[in-house]
Amino acid sequence: MGRRSFLRTSAVLTTGLAALAASLKPLLDMNDFPTMERFLQKYYKEMTPQDMARVLKRIEDEVEQQYGLRPHVRDLKPMDGVEYVYCLNLTRCIGCRKCVHACVAENNESRDPEIQYIRVLRLPDGSLGTDKADHFYASKSVPEKGFFYMPVQCQQCKNPPCVKVCPVHATWQEADGITVVDYDWCIGCRYCEAACPYWARRFNFTKPSIPKDRLNPDMAYLGNRPRRQGVMEKCHFCIQRSRAGRYPACLEVCPAGARKFGNILDPNSEVSYILKSKRVFIQLKEEMGTSPRFFYYFDV
Amino acid sequence: MTANARTGITSAAVCAAFAALALAFLSDWGQTRPARPALALVDTNFLDTATTRRSYADLVRAGADLSDFDCYVCHEKNKPPPLRLDTNQNIIVATEHSDIVMGHGRHGRNNNCFNCHNETNLTLLQPRDGRELTFADSTQLCGSCHGPTYRDWLAGAHGRISGYWDRGSSPFTAEEIRDLSGMVDRMRRQSDPVSAFVWQKLSIPQQALLRNYQPPASATNPAQGVVLDALNKIIGEPSIYEPGRFKGIPLAIATATLLEQSPKGDNLIYLNRLLLQDAYPLELSRSQRKDCVNCHNPHSPPFPSRPPAPGPHPLREIGPLAGPQTAQE
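Residues numbered from 1 in each chain as written. Chains lettered and ligands numbered in written order. Predicted model: local features only at pLDDT ≥ 70, side-chain atom pairs only at ≥ 80, totals over all residues.

Draft legend 1. Local environment of the overall build of chain A. The number of helices and strands found in chain A is nine helices and twelve strands. For chain A, buried positions account for 40% of its 300 residues. For chain A, long-range pairs separated by at least 24 residues make up 65% of all intrachain contacts whose partners lie at least 6 apart in sequence. (Helix = DSSP H or I, 4+ residues; strand = E, 2+ residues; numbered from the N terminus. Buried ≥ 20, exposed ≤ 12 C-beta atoms within 10 Å, placed from the backbone. Contact = placed C-beta atoms within 7 Å.)

Written out as structure tokens, the structure reads:
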């Protein structure tokens, strides 16, 4: 090859490669590459306790590095003889949305953009159709006359469509009824979000941003440990609390006592009492056949 | 034009095109992403789980100033305060009690102080069945009329609750010990029968450890472990209640009710848990259902956030009222 053709070819190649490199500029924004350890992590159900201990330590290290605070991450197993059920008293809910924000604080959800597992619907009195629901009401004070309020979160269905459609089994239902997500196994295809009739599932479009001073360090592997960009998350009945015997954060903050939670297999629990004695009428979207574990009722 | 020249022009054009593309990519095609306004963080006060009101029992537990509840600073003993009524037979509240707004019951039917307060002993409350209750037991008074709500409350279906849904079997955890040094102090001095009972449950090395305990100490102090061990051993045993042991310790309503049922299994564990919490009200935190007065003002009880129902009867609203509204419930 002559000098001229060499120079021409190399000029074309160089500018071509430069253009290619410039087009890949968005890759520079990626800073969340998986470590080899996370990349080769086993499926949750196949992990031995030693594997899990290593994984928990990895998570604690990562969180400490990112937030400057060492969390306590546990892998809590379901309790025997327990099936969780949530009851919500629609006579009492005033639509204040404290549950929404308590959930965000407890579960280390992204603040910007803000992910909220609970969505409170405002419905006019006398209607049960969610088609009349206002998802974004912003009244100066609540409750407003002529309306009632219905908070919606993951219903932990007995027959969950989200579990059926997950192509990688990153989400499944545990023995105590909670449908969980393994954030390290999720590929972010969002099929589960499409399948859910309640829009319970949230996707992390960007890296979650949690202010360092608002991080909740009491974490669970299948619960409120910080997620990455590109994975799904949803209400898990505050698994780090409920599997330790405690009430979820949304229940404790509710000023009206509208929320009730407990073990339906215990005949003395308040949820058993409610299902036996109250006019429990709604399972939302009953006709979809999802059989939710979330029961709405009215009280005197 | 020669083939050579044509090739030269083509490759120069291609180079220029690539260079232009590179510049375009580097400058984002001339588009700038609009900056999103930062979302404000929620005020942490909004997330407070405290109830809107504090009950008398809460005040006792917190060691607060109870001088407001000492009626006989102003009133004379054994002299029932006279009631004054206006022309509509409504109570005229004395200026000393001007913070009280009477609104208990429709048509003013329950607006008589002595329907609830005991006129001969103002420190007591009197339900209609002749019982005498202290202010700490005010929920029993409410329940004496509001039966269905009271039964719901006992079952946990009415009102606010915090702490543990797992009533019985959850062992005491470190975060439930609010005042470790107070607890250790009572135990090693065996200052009351319950503390003496707990002290006997400890092994000799454990007792020695507690004797040597000096506050303040770090959160992982071994004394904490010893106390937790002792408490958790006790709750697994048969009922720890003995009248002599718990003499002078006011039992919460939940405790007293459960005690009457002679529970077994998980409920027995729960009973022992409640008894210990009653014995150490300041040292152990409770996880329990809130009392009526934690949410409702006993003198004007409607739940503050709900607008009052209109009309003479909530189930028979047939149209706007013709006349002036009666006292709202």
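Draft legend 2. Main features of the overall build of chain B. Regarding its fold elements, chain B presents ten helices and two strands. What you see in chain B, going N to C, is helices and strands ordered as α-α-β-β-α-α-α-α-α-α-α-α. Classification of the 329 residues of chain B by burial places 21% in the buried group. In chain B, once contacts between residues fewer than 6 apart in sequence are set aside, the share between residues at least 24 apart is 61%.

Draft legend 3. Inspection of the domain arrangement of chain B at higher detail. In terms of domains, chain B is made up of domain 1 (56-155) and domain 2 (174-279). For domain 1 of chain B versus domain 2 of chain B, the distance between C-alpha centres works out to 34 Å. (Domains from an automatic or database assignment.)

Draft legend 4. Spatial organisation of helix α9 (residues 270-277) of chain A. All buried positions along α9(A) are accounted for by A:Glu270, A:Val271, A:Ser272, A:Tyr273 and A:Ile274. Those residues of α9(A) that are buried lie in contact with β2 (84-89), β10 (259-263), β11 (279-282) and β12 (294-298) of chain A together with α4 (147-155) of chain B.

Draft legend 5. Quick peek at the interface of chain B and chain A. Every contact between the two is made by 36 residues of chain B and, on the other side, 38 residues of chain A. Listing elements by their share of the side of chain B that touches chain A, those giving two or more residues are α1 (3-26) and α4 of chain B. Sorting elements by how many residues they give to the side of chain B that touches chain A places α1(B) first, with eleven residues. Looking at the side of chain B that touches chain A, its residues break down into 20 nonpolar, 13 polar and three charged. (Nonpolar A, V, L, I, M, F, W, Y, C, P; charged D, E, K, R; others polar.)

Draft legend 6. Broad picture of the nonpolar core. Residues and elements named next belong to chain A. By size, the foremost hydrophobic cluster in this structure holds 61 residues, and its most contacted members are Cys-103 and Cys-250. Broken down by secondary-structure element, the contributors of at least two residues to this core are β2, α4 (98-106), β4 (147-152), β6 (179-181), β8 (218-220), α8 (249-253), α9 and β12. The biggest single contributor to this core is α4, with six residues. In this structure, Cys-103 is in contact with Gln-116, Tyr-117, Ile-118, Ala-249 and Cys-250, ignoring residues within four places of it in sequence. (Core = buried A, V, L, I, M, F, W, Y, C linked by C-beta atoms within 7 Å.)

Draft legend 7. Representation of α4(A) within the structure. Residue and element names in this part refer to chain A. Within α4, nine of the nine residues are buried, leaving the element largely enclosed by the surrounding structure. What α4 keeps buried is the set Lys-98, Cys-99, Val-100, His-101, Ala-102, Cys-103, Val-104, Ala-105 and Glu-106. Elements in contact with the buried residues of α4: β3 (119-124), β4, α8 and β10. A positive phi of about 50 degrees marks Asn-108, the residue just after α4.

Draft legend 8. View of the confidence of the model for chain B. Residue and element names in this part refer to chain B. For chain B, the mean per-residue pLDDT works out to 79, and 83% of the residues sit at or above 70. For the stretch residues 304-329, pLDDT sits under 50, and the model shows 21 contacts to residues farther than four places along the chain or on other chains. Across the predicted assembly, pTM comes out at 0.77 and ipTM at 0.87. (pLDDT = per-residue confidence, 0-100.)

Draft legend 9. Region of interest: the sheet that holds β11(A). Residue and element names in this part refer to chain A. Sheet architecture is open: four strands sit in the order β10-β2-β12-β11, paired in mixed fashion. Of all the strands in the sheet, the pair left with one neighbour each is β10 and β11. For this sheet, the mean angle separating the axes of adjacent strands, direction not counted, is 35 degrees. In this sheet, β10 lies alongside β2 in antiparallel orientation, the contact comprising five bridges. Bridge pairing in β10 links Tyr-84 to Asn-263. Most of the contacts of α9 go to β10, to which it runs at about 110 degrees, and overall it touches β2, β10, β11 and β12. (Pairing = 2+ DSSP bridges. Axes fitted to C-alpha atoms, helices over the stretch in contact; angles between N-to-C directions.)

Draft legend 10. How the structure looks around the pairing of β12(A). Residues and elements named next belong to chain A. Here four bridges tie β2 to β12, and the two strands are oriented parallel to one another. Residue Cys-87 lies in a different strand from β12, and its bridge partner there is Phe-295. As paired strands, β11 and β12 are joined by three bridges and run antiparallel to one another. Considered in β12, the bridge of Val-280 is made with Tyr-297.

Draft legend 11. Spatial organisation of unusual backbone geometry. In this structure, A:Pro113 follows A:Asp112 across a cis peptide bond, with omega equal to 5 degrees. Mapping A:Pro113 onto the fold places it in the loop between α4 and β3. The omega angle of the peptide bond from A:Val142 to A:Pro143 is 0 degrees, so this bond is cis rather than trans. The residue A:Pro143 is located in the loop between β3 and β4 in this model. In this model, A:Gln156 sits at a positive phi of 45 degrees, which is unusual for a non-glycine residue. With respect to the helices and strands, the residue A:Gln156 is situated in the loop between β4 and α5 (161-165). Residue A:Gln156 is classed as buried on the basis of its C-beta count, with 26 C-beta atoms lying within 10 Å. If you check the backbone angles, B:Asn78 has positive phi at about 60 degrees while not being a glycine.

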